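Inside the fold
Here is how the chains run, residue by residue.
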Amino acid sequence: MAMDVKRFPSLSHWGAFTAVVADGRLQACEPFPLDPAPSPILQSMPGMVHSPLRIARPAVREGWLRHRGRSDRSARGREPFVEVDWQVALELVAGELARTRNEHGHEAIFGGSYGWSSAGRLHHARTLTHRFLNAGGGCVHQAGNYSWGAAQFLLPHVIGTYAPVTGRVTDWRNVAAHTRLFIAFGGLPLRNTQVTSGGAGEHSTARWLAQAREAGVEFVVVSPTRADIPEGLAARWVPIRPNTDTALMLAMTHVLLTEGRHDQDFVQRYCSGFDRFADYVTGKADGQPKSAEWAERICGVPAEEIRDLARRAAASRTLLTCTWSLQRAHRGEQPYWAVIALASALGQVGLPGGGFAFGHGSMNGVGNPRPGVAAPEMSAGSNPIGRSIPVARIADMLLRPGEPFEFNGRTDVYPDIRMVYWAGGNPFHHHQDLNRLMRAWSRPETIVVHDSWWTPTARRADIVLPATTTLERNDIGGSSRDRFVLAMHQALAPHAQSRNDFDIFRELAAMGGYEAAFTGGRDEFQWIRHIYDGMAANWRDAGFDAPAFEDFWAAGYLELPEPGDDFVLFADFRQDPAAHALKTPSGKIEIYSDRIAGFGYDDCPPHPAWLAPGEWLGADLASRYPFHLITSQPGDKLHSQLDAGKVSVESKVHGRERVRMSPADAARRGIADGDLVKVFNDRGACMAAAAVQEGVMPGVLIMSTGAWFDPAGSGLERHGNPNVLTMDQGTSRLTQAPSALSALVDIAKWEGPVPDVEAFAPPGLSAAA
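Residues numbered from 1 in each chain as written. Predicted model: local features only at pLDDT ≥ 70, side-chain atom pairs only at ≥ 80, totals over all residues. Heavy atoms only, no water.

**Remarks on the overall build of the chain**
Put simply, the rule reads: Only DSSP runs of H or I with at least four residues qualify as helices, and only runs of E with at least two residues qualify as strands; both kinds are numbered from the N terminus onward. Between buried and exposed lies partly exposed: a residue is buried under 20% and exposed over 50% of the maximum accessible area for its type, with that area taken using a 1.4 Å probe on protein chains only. For every accessible area listed, the method is Shrake-Rupley and the probe measures 1.4 Å; residues are considered covered only by the protein chains on display. Asp and Glu count as negative and Lys and Arg as positive, but His and the ends of the chain are not part of the count. Positions of charges follow a simple convention, taking NZ of Lys, CZ of Arg, CG of Asp or CD of Glu.
For the chain, the helix and strand inventory stands at 25 helices and 32 strands. Along the three orthogonal principal directions, the C-alpha set of the chain runs to about 80 × 65 × 55 Å. A buried classification covers 64% of the 769 residues belonging to the chain. When the accessible area of the chain is evaluated, it comes to approximately 25,800 Å², of which 48% is carbon and sulfur surface. Side chains of the chain give 75 positive and 84 negative charges; the mean places of these two sets differ by 2 Å.

If you want it as structure tokens, here you go:
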């Protein structure tokens, strides 16, 4: 009998696609026909939707079910679960919410729920979690994100906005026409451009890079690895020690100043405090000129190469860009501030093809020409108690309740968290020093998790509620950096007893007496229509056509035209700095910030400066741990999403993530390509498979994140999750962002019996008596 084959439009963070369904099962994901470079990650979806790791029924940790908050909380992640029916599970969750609020107040509930979740805007789990907890009286949120948290809180002080780090930078069409020299600090790795937050109908980065190259743009990539240069780009590689880009930028500025190549008129008219910064760079302020020779000792780039790069930048229309990874390091504010200062010294900010940018090579859509109109959005509402912590200070909060912390000019106190509510994310991927996080995770009385699979976070919950996947519900999606909006049609029935997050929260809100506040009086499809209508009204006001909702839903997608004019970052400011003043205290680019000076932070001075990270190859600790570990984003999944899928599993060696290292380092350690190794420091150890590759700087190891956390005890992680090794410390008191890329380690060939990987083994399950 022929199978009944149906096709349904949908969207993921790694691209738009058509779900091909036969006899109730997902057979394939066909790439969106207008996508020139679809991601192979799509191939993992059929296996994951029907994975044995799917959570079938609500489940409660055995010890918690017996003893509630008096249970052994250190047993999270080791203890089996008891499956219960939905009514029991919902009553348990509602009861814990009410008890915690009544006994300890709303600030005892942590609802940060950080994670990418789905690309759909209605069923975006974090948004729904916030909306639900806000409607119930509030909770403690997280401020910022792990991707560009330092930039988010630094840039408003310097340029009045953090919009450029979201991808709103001089567009590629303008770059191809006007830029002659493109310097990419941190590289241009195309693996990252498979992903767009909110999804994309068009993976455009590779096409734009090719057009820019054909137009004569010269590319220079500054990175510890040659792999950060896209194939065929013919870019010049400048190898650099990790975490030292600031020193290189300061030295390039020194060359401009001492050789009279800087734009004095620009820094006087458009910048505030450049003269005080110049005194620091030339050594007038502290006696140490930030010369090319000085920088060579720090970053390893030869002094003559530094001078040549600065001179060529001054002689060309030059665009400077930084990957997000540069600010995910200890003192990560400094390279972003320093690149703005260097671009200002060159005097090309606001000119076609010149100035600075962020995020090229960090995500698809950066610099993509798109009209400045709305994407689909859903509001989480406002938090009645107004409490939050910096996004990456979770373990500090749980381990140090009542202790003060400083953040962006204010002092606050960590709340005493009794209950954690998490949906759509995996802190045991995103966070640093996971052994420390495990200790912190044992502190709350109750942890509730919504998930679709038995992820590391679900396994460490007390109550687990099974959630549908994208294909088991209707939704609408699209990104502010992509020209497409996608209808996301339900293609499959919910797996087993799973329910969508909206319905789970609706029932819990009804139990708490605030259903109307949560739902706004709308069901799933009414919300989708409402989200579309709000976006369509914005488009029409801006002069763009938007069909009726029914026509959009039937067509499956909507496409914006490319804008008629190029976008140049700060072009209006350059044309008239009075009429288009920046939202800084001076209205100008603040190379020296009096406001930051007033905070009195010794770990973030009021102008760009070289501050040695706590861990780097120049630190004393490097005598014990002589390798700098770079934890990159994976090319075979999104963070930890789909790690158990086909593409990710096939890229592993011996079932583990790979660690890349140079041939010279491998030879010195007696390590061959494919060998099992242990990577370790004082925070822990993880197993990995060695990948010996040319193009990795000596003294550098590179591991992708995303392997599902699989601890074996005694600090060893079996699967290759490098975040057991990374430093859980804020970048500075200004931004308190993650410092994941400042980590010193050692590596050795694995000796002895090889433990099995258990990351993809579901926990023990039993039925309620």
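**Comments concerning the side chain of Asn500**
As a reminder of what qualifies: In protein, a polar contact means a hydrogen-donor-capable atom and an acceptor-capable atom, both N or O and within 3.5 Å, with residues adjacent in sequence counting only if both atoms are side-chain atoms; elsewhere, any N or O pair within 3.5 Å suffices. Two residues form a contact once any of their heavy atoms are found within 4.5 Å.
By the element assignment, Asn500 lies in the loop between strand E21 (484-488) and helix H18 (501-512). Reaching out from Asn500, the side chain makes a polar contact with the backbone nitrogen of Phe502 at a distance of 3.1 Å. In contact with Asn500, not counting residues within four places along its chain, are His123, Thr468, Arg473 and Glu524.

**Considerations on helix H8 (residues 245-258)**
Threshold: A helix is expected to span 1.5 Å multiplied by its residue count minus one.
The end-to-end C-alpha separation of H8 is 20 Å, in line with the 20 Å expected for 14 residues at 1.5 Å each. Buried residues dominate H8, accounting for 13 of its 14 residues. Looking at the residues trailing H8, positive phi occurs at Gly260, about 65°.

**Details of the packing of helix H3 (residues 86-104) against H18**
Under the convention used in this document: Angular values range over 0 to 180 degrees, each being the angle between N-to-C directions of two axes fitted as lines to C-alpha atoms, with helices fitted over their stretch in contact. For classification, angles of less than 35 degrees are called roughly parallel, those exceeding 145 degrees roughly antiparallel, those between 65 and 115 degrees roughly perpendicular, and all remaining angles oblique. Crossing handedness is defined as follows: a turn of the near helix away from the far one that is anticlockwise and smaller than a right angle gives a left-handed crossing, while the clockwise case is right-handed. Following the grouping adopted for this structure description, the nonpolar residues are Ala, Val, Leu, Ile, Met, Phe, Trp, Tyr, Cys and Pro, the charged ones are Asp, Glu, Lys and Arg, and the polar ones are all others, Gly among them.
Two numbers describe how H3 lies on H18: the axes approach to 10 Å, and their chain directions differ by 60°. Classed by the angle they form, the pair H3 and H18 counts as oblique. The two elements H3 and H18 meet at a crossing, and its hand is right-handed. Within the contact between the two elements, H3 uses Trp86, Gln87, Leu90, Glu91, Val93 and Ala94 and H18 uses Ile504, Glu507, Leu508 and Met511. Among the residues making up the contact of H3 with H18, the classes are represented as seven nonpolar, one polar and two charged.

**Observations regarding the sheet that holds E21**
What counts is decided by this rule: Pairing between two strands is assigned when DSSP locates at least 2 bridges connecting them.
Read from one edge of the open sheet, three strands run E20-E21-E22, paired in antiparallel fashion. Each having just a single partner strand, strand E20 (475-478) and strand E22 (557-559) make up the two edges of the open sheet. On average, each strand axis in the sheet is inclined to that of its neighbour by 15°, with strand direction left out of account. Bridge count between E21 and E22: three bridges; the pairing is antiparallel. The residue bridging Leu486 from the neighbouring strand is Tyr557, located in E22. Against the sheet, helix H20 (residues 524-541) engages E20, E21 and E22, with an angle of about 35° to E20.

**Re the environment of Ala759**
Considering the arrangement of structural elements, one finds Ala759 in the loop between strand E31 (744-749) and strand E32 (765-767). With 125 residues separating them in the primary sequence, Ala759 and Pro634 have C-alpha atoms 17 Å apart. Sequence-distant contacts of Ala759, that is, excluding residues within four places in its chain, are made with Arg459, Trp708, Asp710 and His719.

**Topic: the packing of aromatic side chains**
The criterion, for reference: Only Phe, Tyr and Trp rings take part, Trp by its six-membered ring, and two of them pair if their centres are within 6.5 Å. Stacked means planes under 30 degrees apart, edge-to-face means over 60, and tilted covers everything else. Think of it as a cone above the ring: NZ of Lys or CZ of Arg counts as a charge over the ring if it is within 6 Å of the ring centre and within 35 degrees of the ring normal.
Scanning the entire structure with this criterion turns up 40 aromatic pairs. Ring centres 5.4 Å apart and planes at 70° place the aromatic pair Tyr270 and Phe573 in the edge-to-face group. Placement of Tyr270 in helix H9 (residues 264-270) and of Phe573 in helix H22 (residues 571-575) is noted, with a sequence separation of 303 residues between them. Here the aromatic rings of Phe552 and Trp553 are separated by 6.5 Å at their centres, their planes lie at 65°, and the arrangement is edge-to-face. Between Arg168 and the ring centre of Phe567, over which it is positioned, the NZ or CZ distance is 3.9 Å.

**A closer look at the pattern of salt bridges**
Note the following rule: For this analysis, a salt bridge means a side-chain nitrogen from Lys or Arg found within 4 Å of a carboxyl oxygen belonging to Asp or Glu.
What the rule picks out here adds up to 55 salt bridges. For Arg99, the salt bridge goes to Glu103, with nearest N and O atoms at 3.1 Å. A residue pair is termed a helical-turn pair when its members lie 3 or 4 positions apart in one helix, as Arg99 and Glu103 do in helix H3 at four residues. Relative accessible area serves as the criterion here: at 23%, Arg99 is assigned to the partly exposed category. Across the pair Lys749 and Asp675 runs a salt bridge whose closest N-O atoms are separated by 3.7 Å. With Lys749 in strand E31 and Asp675 in the loop between helix H25 (663-669) and strand E26 (676-681), this pair connects stretches of sequence that are 74 residues apart.

**So, helix H4 (residues 125-135)**
Turn by turn, an α-helix covers 3.6 residues, leaving residues three or four places apart pointing in a common direction. With respect to burial, H4 is a largely interior element, 10 of its 11 residues being buried. Among all positions of H4, only Ala125, Arg126, Thr127, Leu128, Thr129, His130, Arg131, Phe132, Leu133 and Asn134 are buried. After H4 finishes, the residue Gly137 shows a positive phi value of roughly 125°.

**Let's talk about the pairing of strand E3 (residues 25-31)**
Here strand E2 (residues 15-22) pairs with E3 via six bridges, running antiparallel. Residue pairing for E3: Phe17 is matched across the bridge by Pro31. Here E2 folds back onto E3 in antiparallel fashion, the turn holding two residues, of which Asp23 has a positive phi close to 50°.

**Re the sheet that holds strand E13 (residues 355-358)**
Two modes of strand pairing occur in sheets, parallel and antiparallel, and in both the strands are linked by backbone hydrogen bonds. Taken in spatial order, the five strands make up an open sheet running E10-E9-E8-E12-E13, and their pairing is parallel. With partners counted over all chains shown, the strands left at the sheet margins are strand E10 (236-238) and E13, one partner each. Averaged over all neighbouring strand pairs, the angle between strand axes comes to 20°, with direction disregarded. Across four bridges, strand E12 (residues 318-322) lies against E13 in parallel orientation. For Thr321, the partnering residue across the bridge sits in E13 and is Ala357.

**Focus on the nonpolar core**
Rules: Put simply, buried Ala, Val, Leu, Ile, Met, Phe, Trp, Tyr and Cys residues joined by side-chain atoms within 4.5 Å make one nonpolar core.
One finds Ile183, Phe185, Ile340 and Ile589 to be the most contacted residues of the largest nonpolar core, which totals 101 residues. Of the residues forming this core, the biggest block, 10 residues, is contributed by helix H13 (residues 333-346). Sequence-distant contacts of Ile589, that is, excluding residues within four places in its chain, are made with Val158, Ile159, Phe266, Tyr270, Cys271, Ser272, Ile340, Ser344, Val349, Phe573 and Leu582. Of all hydrophobic cores here, the second largest spans 52 residues; its members include Ile389, Ile417, Val449 and Phe709.

**Some details on unusual backbone geometry**
With a phi close to 65°, Arg331 is a non-glycine residue in the positive phi region. Along the chain, Arg331 turns up in the loop between E12 and H13. A positive phi angle, close to 50°, is found at Asp433, a residue other than glycine. Here Asp433 shows up in the loop between helix H15 (427-430) and helix H16 (434-441).

**So, the packing of H8 against helix H12 (residues 303-315)**
Contact geometry for H8 and H12: axes closest at 9 Å, N-to-C directions at 65°. Judged by the sense of rotation from one axis to the other, the crossing of H8 with H12 is right-handed. Packed against H8, whose contacting residues are Leu248, Ala251, Met252, Val255 and Leu256, the element H12 presents Ile306, Arg307, Leu309, Ala310, Arg311 and Ala314 at the interface. By residue class, the composition of the contact of H8 with H12 is nine nonpolar, no polar and two charged.

**Focus: the environment of His203**
By secondary structure assignment, the location of His203 is in the loop between strand E8 (181-185) and helix H7 (205-214). Each C-alpha atom of the pair His203 and Ser39 lies 8.2 Å from the other, and the pair is 164 residues apart in sequence. Once you skip the residues sitting within four places of it in the chain, His203 turns out to touch Trp14, Gly15, Asp35, Pro36, Ala37, Pro38, Ser39, Thr193, Gln194 and Asn364. A distance of 3.3 Å separates a polar side-chain atom of His203 from the backbone oxygen of Trp14. Here Ala37 takes part through its backbone oxygen, which lies 3.4 Å from a polar atom of the side chain of His203.

This is a description of form; function is not addressed.
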